[in-house]
Amino acid sequence: MQRFLRPAGMVGALLALAGCAADAELDTLTPKGPDARTIDALSDPVFLVAGVVFIIIFGGTGYLWWRFRDDHSDEEYPEQVHGNFRLEILWTIIPTVILVVIGVFTIITLTDLNRYEDNAMALSVDGDTTTWEPEVVVVGQQWWWEYRYYFGGTEGLDLSDARHLPPADIVTANQLVIPVGQEIELKMSSRDVIHSHWIPALNGKRDVVPGRTTYWKLEAEEPGVYFGQCTEFCGLSHSRMRMQAVALSPADFQAWVDQQVQPAAEPTDPAAIAGMAIFESQCARCHVIDGVNDETKGADLIANAAPNLTHLMSRTTYAGGIFNLYEPDGSLDRTQLEAWLRNAPAEKPAYAEGRRGMPAMGLGETEIDDVVAYLETLGTRPSMDVIVATEVE
Ligand code: CUA
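Residues numbered from 1 in each chain as written. Predicted model: local features only at pLDDT ≥ 70, side-chain atom pairs only at ≥ 80, totals over all residues. Heavy atoms only, no water.

**Considering the overall build of the protein**
Then step 1. A tally of helices and strands in the protein yields nine helices and 14 strands.
Then step 2. For 393 residues, the compact-globule estimate of 2.2 N^0.38 gives 21 Å, and the protein exceeds it by more than 25% at 27 Å.
Then step 3. The principal-axis extents of the C-alpha atoms in the protein amount to approximately 95 × 45 × 40 Å.
Then step 4. Surface accessibility of the protein: about 21600 Å² in total, with carbon and sulfur atoms responsible for 59%. (Helix = DSSP H or I, 4+ residues; strand = E, 2+ residues; numbered from the N terminus. Rg over C-alpha atoms; globule rule 2.2 N^0.38 Å. Areas by Shrake-Rupley, 256 points an atom, 1.4 Å probe, with all protein chains shown as cover.)

Right, dumping it as structure tokens:
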């Protein structure tokens, strides 16, 4: 017995410890919003019941295995039993009752999660005060997330084709910025394959399907950064399709909106001006910068096939939320950004035929420096708090 106990204990401890991490970004057990709490309130008791069942079943099996083992001490068999009507009824009824109870609470939870609040908040958009029912249009694509804000509401807008969505007030990528304490309705679709939106501290997963709009919601109780990950296998860089929800106080959210609705500023520095010209001749085929090549400029775009870069510097991650734009001291991570511009597929795997993902642009070193100089003019750098809190490994 002794020689089994020690290895069994070690394997058990190893398995238990492997599940431990103080700073697990995708921890489902620490809800930070009402929807995640609704899920937690169901999964905790279910896990407890499952644990008790596990102990009884495996304890009982282990006991029987040990109690009736063949130790060669005699040749007598224990009493042979064939069927026990009462026992069989009992072990049918008990699991049925357990599953029915869990089923009822599951249906209640699902109903709660699919009920949407009528909430509204006052917001100033470009000088005009409007009432916004917080909602964000989400587009999943290989391999990043687009977030579109329509402050006039999406009623009456045709959102059925994720490749041709109506112009939005704000378009951003990989970082979903939300006001704290408000239920945010997500209207989600995909440009290509099925993805799944999952920010575990705020709510569970919901699939994002091409040609269809799926609805979901998020609410954060406190300002902070909540990490997420695409959770439907969607191709080569599925694991590199991350996102964050950045929850801001109402005042900070208003300040963010004020910045984001501005078009890009005209560059003045010679390198940045040269970088803008490179953007227009090379990058503008897929990327949009408001005021440079947006819909109002009549450009023929594969619009939104790549992140809108108007306020790139106000974000802290790029390439599907896998690289930090800033160093921990707040300075631009130039080395990584240049490597990305030099040969993106080497930094983040994309399909060989180059249909999706950022291609290698074949830029020279001076051109890369110019493009970086231009990109640096796009948007306001966030606070050190945000840079530190959003840092990805
Ligand atoms: Cu998108 Cu996995």
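**A short note on helix α2 (residues 34-67)**
Then step 1. End to end, α2 covers 49 Å across 34 residues, agreeing with the expected 50 Å (1.5 Å per residue, within 8%).
Then step 2. Every buried residue of α2 is accounted for by D35, A36, D40 and L42.
Then step 3. Elements that come into contact with the buried residues of α2 comprise α3 (85-113) and β10 (214-218). (Expected span 1.5 Å × (residues − 1). Buried < 20%, exposed > 50% of the residue type's maximum accessible area, 1.4 Å probe, protein only. Contact = heavy atoms within 4.5 Å.)

**So, the layout of surface pockets**
Then step 1. Of the volumes computed, that of the largest pocket is approximately 860 Å³.
Then step 2. Counting residues per element, the ones that place at least two in the lining of the largest pocket are β13 (317-318), α6 (334-342), α7 (344-347) and α8 (365-375).
Then step 3. If you tally residues by element for the lining of the largest pocket, the top one is α6, at three residues.
Then step 4. Classifying every residue of the lining of the largest pocket gives 26 nonpolar, eight polar and seven charged.
Then step 5. What lines the second largest pocket is a set of 13 residues, and nearest its centre among them are I56, I57, W91, I94 and P95.
Then step 6. The set of elements that each furnish at least two residues to the lining of the second largest pocket consists of α2 and α3.
Then step 7. Broken down by element, the lining of the second largest pocket gets its largest block of residues, seven residues, from α2.
Then step 8. In terms of residue class, the lining of the second largest pocket is built from eleven nonpolar, two polar and no charged. (1 Å grid on protein atoms, 1.4 Å probe; cavity = no way out; pocket = protein on both sides within 12 Å on 5 of 7 lines; lining within 4 Å. Points joined across faces, edges and corners; volume = space filled by probe spheres on them. Nonpolar A, V, L, I, M, F, W, Y, C, P; charged D, E, K, R; others polar.)

**A closer look at the nonpolar core**
Then step 1. In terms of nonpolar packing, the biggest core is built from 43 residues, with Y149, F151, L186 and F253 touching the most fellow members.
Then step 2. If we skip the residues at most four places from it in the chain, F253 touches M121, L123, W132, Y149, V177, I178, P179 and L248.
Then step 3. Membership of the second largest hydrophobic core comes to 33 residues, among which are A284, I289, L312 and M313. (Core = buried A, V, L, I, M, F, W, Y, C linked by side-chain atoms within 4.5 Å.)

**Digging into unusual backbone geometry**
Then step 1. At the junction of Q142 and W143, the peptide bond is cis and its omega measures out at -5° in the coordinates.
Then step 2. Within the element layout of this structure, W143 appears in the loop between β3 (135-141) and β4 (144-149).
Then step 3. The residue D126 is not glycine, and still its phi comes out positive at about 55°.
Then step 4. Within the element layout of this structure, D126 appears in the loop between β1 (121-125) and β2 (128-132).
Then step 5. Look at D126 and you get exposed, because its relative accessible area is 55%.
Then step 6. Backbone geometry places A319, a non-glycine residue, at a positive phi of 60°.

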